[in-house]
Amino acid sequence: MFFKILKRTSVFILLTFLVFPFTVFAYSDHVIPGGENIGIELNSKGVIVVGLYKVNDTYPAKDAGIKIGDIITKINDKTVNNIDEMVSAIANNDSVKITYKRGISNNETTMNLYKDSNNIYKTGLYVKDSITGIGTLTFIDPETKTFGALGH
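The shown structure was predicted, so the numbers you read here are calculated from the model rather than taken from an experiment.

Asks: Honestly, the overall build of the protein in this entry has me stumped. Any pointers?
Replies: Of the regular secondary structure elements, the protein holds 3 helices and 9 strands. Shown N-terminal to C-terminal, the secondary structure of the protein runs as helices and strands in the order α-β-α-β-β-α-β-β-β-β-β-β. Here the protein holds 152 residues, and 22% of them are scored as buried. The contacts in the protein between residues at least 6 apart in sequence include a share of 58% that link residues at least 24 apart. With the model as given, the accessible surface of the protein reaches about 11,300 Å², and the carbon-plus-sulfur share is 58%.

Written out as structure tokens, the structure reads:
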């Protein structure tokens, strides 16, 4: 009986030390909790590739070497800052020269486009040029001006 109690106690103590930390780090002496709604808008320099899709049983963007996260900056040597400029740059072209940024390097590739039955050119790209949303300000450190927000 004594050994069963000792075994349970040992397991409890061991789990307590594994679950609860010995040291807690605080980076600020004073933090102000929040709860205020905030608006968020992020604009990119170029058009961000957020996905790829299949066109006529192929992936034109993937075949051209474009990956999710790449930022398209030029099409046919014309700077594109948003989706409207991208659409106008690819209009009436069977293939386009794309300059894109991946990480810190700039790259170029040629991508073949596919015209559907409605005479619309398909790239196989899902893109975004900005992100908007709302969030809740959860805290702010008045000394360092560091804050945290939860997006919705």
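Moving on from the model shown.
Asks: Which parts of the structure should I look at to understand the nonpolar core?
Replies: Across soluble globular proteins, nonpolar side chains show a tendency to be buried alongside one another. Counting 18 residues, the largest nonpolar core has Ile-66, Ile-72, Ile-75, Val-96, Ile-98, Met-111 and Leu-125 as its most contacted members. Residue assignment for this core shows that the elements contributing at least two residues are strand E1 (32–52), strand E2 (71–75), helix H3 (83–90) and strand E4 (95–102). In contact with Ile-98, not counting residues within four places along its chain, are Ile-66, Ile-72, Lys-74, Ile-75, Asn-107, Glu-108, Thr-109 and Met-111.

Asks: Got a minute to help me understand the side chain of Thr-123 in this structure?
Replies: Assignment of secondary structure puts Thr-123 in the loop between strand E7 (121–122) and strand E8 (125–141). Engagement of the side chain of Thr-123 in a polar contact is seen with the backbone nitrogen of Leu-125, the distance being 3.1 Å.

Asks: How should the pattern of salt bridges be read in this particular structure?
Replies: A pair can form between side chains of opposite charge whenever their charged atoms are brought close. Scanning the model with the defined rule gives 4 salt bridges in all. Note that Asp-70 is salt-bridged to Arg-102, the shortest N-O span being 2.8 Å. On the criterion of sequence distance, the pair formed by Asp-70 in the loop between helix H2 (60–63) and E2 and Arg-102 in strand E4 is long-range, its members being 32 residues apart. Residue Asp-70 is classed as buried on the basis of its relative accessible area of 1%. Among the ionic pairs, Asp-116 bridges to Lys-122, the shortest N-O distance being 3.9 Å. Take Lys-122: its relative accessible area is 28%, and that puts it in the partly exposed class. Beyond isolated ion pairs, a larger network of salt bridges with shared partners links Asp-77, Lys-97 and Glu-108.

The rules behind these values
Residues numbered from 1 in each chain as written. Predicted model: local features only at pLDDT ≥ 70, side-chain atom pairs only at ≥ 80, totals over all residues. Heavy atoms only, no water. Helix = DSSP H or I, 4+ residues; strand = E, 2+ residues; numbered from the N terminus. Buried < 20%, exposed > 50% of the residue type's maximum accessible area, 1.4 Å probe, protein only. Contact = heavy atoms within 4.5 Å. Areas by Shrake-Rupley, 256 points an atom, 1.4 Å probe, with all protein chains shown as cover. Core = buried A, V, L, I, M, F, W, Y, C linked by side-chain atoms within 4.5 Å. Polar contact = N/O pair within 3.5 Å; in protein donor to acceptor, adjacent residues only side chain to side chain. Salt bridge = Lys/Arg side-chain N within 4 Å of Asp/Glu carboxyl O.

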